[in-house]
Amino acid sequence: MTTQALVPAVFLDRDGVLNEDTHYPHLEEHLTLIPGAAEAVRRLNGLGYMAVIVTNQSGVARRLFTLDQMNAFNDLLVRRLAVQGARIGAVYACPYHSDGSDPDWIHPDHPDRKPNPGMILKAMQDHPIDPARSFLIGDRDSDIEAARRAGIPGFLFPGGNLSQFVDELLGT
């Protein structure tokens, strides 16, 4: 029986960390990468980190866009980063919200919706991730709380250049 070696992961919030938060972005024209996003992910990939997006997407529950549009936007983001040599290993998105207008996506406190740790824990189940060497970068307190609940460190990205932030985080 072979066991797969565990790899460290960097969990990344989407809006405000990888792409500009343009208030429920979901169309191609809404996608603007955060300065240094591709460089940061590429550098982390080079250090052996699997990059995993974990994103709350209440716009689906609020009927601002469809699940298909959300998935298409996520796929576009992954492709845009890949063109610059930045590999995203997985994307987890939570379309649920307690104040939604679409009954299919209303939930009072879905386990995947940050600050709950569901998306992080699912990724750890689905992939050979070493929690002891993993961390999260988010731009909201709910991101940091989700990391804490998942048992990994979380770092608050204040905006600016993500590559510089990651360099400071790694001490390089």
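For the structure itself, consult the block above.
Each value, and the rule that gives it
Here, residues in each chain are numbered from 1, in the same order as that chain's written sequence. Totals for whole chains, interfaces and linings use all residues, but because this is a predicted model, local features are given only for residues with pLDDT of at least 70 and pairs of side-chain atoms are given and counted only at 80 or more. Each side-chain value is derived from all of the structure's non-hydrogen atoms; neither hydrogens nor water enter the calculation. Any two strands with at least two DSSP bridges between them are considered paired. Each helix corresponds to a stretch of at least 4 residues labelled H or I by DSSP, and each strand to a stretch of at least 2 residues labelled E; elements are numbered beginning at the N terminus. Crossover handedness is defined by viewing with both strands directed away from the observer: a clockwise path from the first strand over the helix to the second marks the crossover as right-handed. Accessibility here uses a 1.4 Å probe with only protein chains present; expressed as a share of the type maximum, an area under 20% marks a residue as buried, one over 50% as exposed, and anything in between as partly exposed. Here the arc refers to the directions that run from the helix axis out to each C-beta atom. Should any heavy atoms of two residues lie within 4.5 Å, those residues are considered in contact. A side-chain nitrogen of Lys or Arg and a carboxyl oxygen of Asp or Glu constitute a salt bridge if their distance falls within 4 Å.

Undergrad: Help me understand the pairing of strand S3 (residues 88-94) in this model?
TA: Note on strand geometry: in a regular strand, side chains alternate between the two faces of the sheet. Two elements, strand S2 (residues 50-56) and S3, share six bridges in a ladder whose sense is parallel. Bridging from a neighbouring strand, Ile53 pairs with Val91 of S3. Between S2 and its parallel partner S3, the chain crosses via helix H2 (residues 67-83), and the hand of that crossover is right-handed.

Undergrad: So what exactly am I meant to see when it comes to helix H4 (residues 141-150) here?
TA: Helical periodicity: at 3.6 residues per turn, an α-helix aligns residues three or four positions apart in one direction. Taken together, the buried positions of H4 are Asp143, Ala146, Ala147 and Ala150. For H4, the angular spread of buried residues about the axis comes to 100°, placing them on one side. Residues of H4 that are exposed and angled more than 90 degrees away from the buried face: Asp141 and Arg148. Elements that come into contact with the buried residues of H4 comprise helix H3 (118-126), strand S4 (135-138) and strand S5 (154-156). Directly beyond the C-terminal end of H4, a positive phi value near 85° is found at Gly151.

Undergrad: What's the story with the pattern of salt bridges in this structure? I'm lost.
TA: Pairs may arise between side chains of opposite charge once their charged atoms sit close together. With the rule as written, the count across this model stands at 10 salt bridges. Salt-bridge contacts for Arg14 lead to Asp15; the nearest nitrogen and oxygen are separated by 2.7 Å. On the accessibility criterion, Arg14 (0% relative accessible area) is buried. A relative accessible area of 11% places Asp15 in the buried class. Its salt-bridge partner being Lys122, residue Asp112 comes within 2.8 Å of it at the nearest N-O pair. One end of the pair, Asp112, is in the loop between S3 and H3; the other, Lys122, is in helix H3, and 10 residues separate them in sequence. Among the ionic contacts, a cluster of salt bridges with common partners joins Asp13, Lys114 and Asp143.

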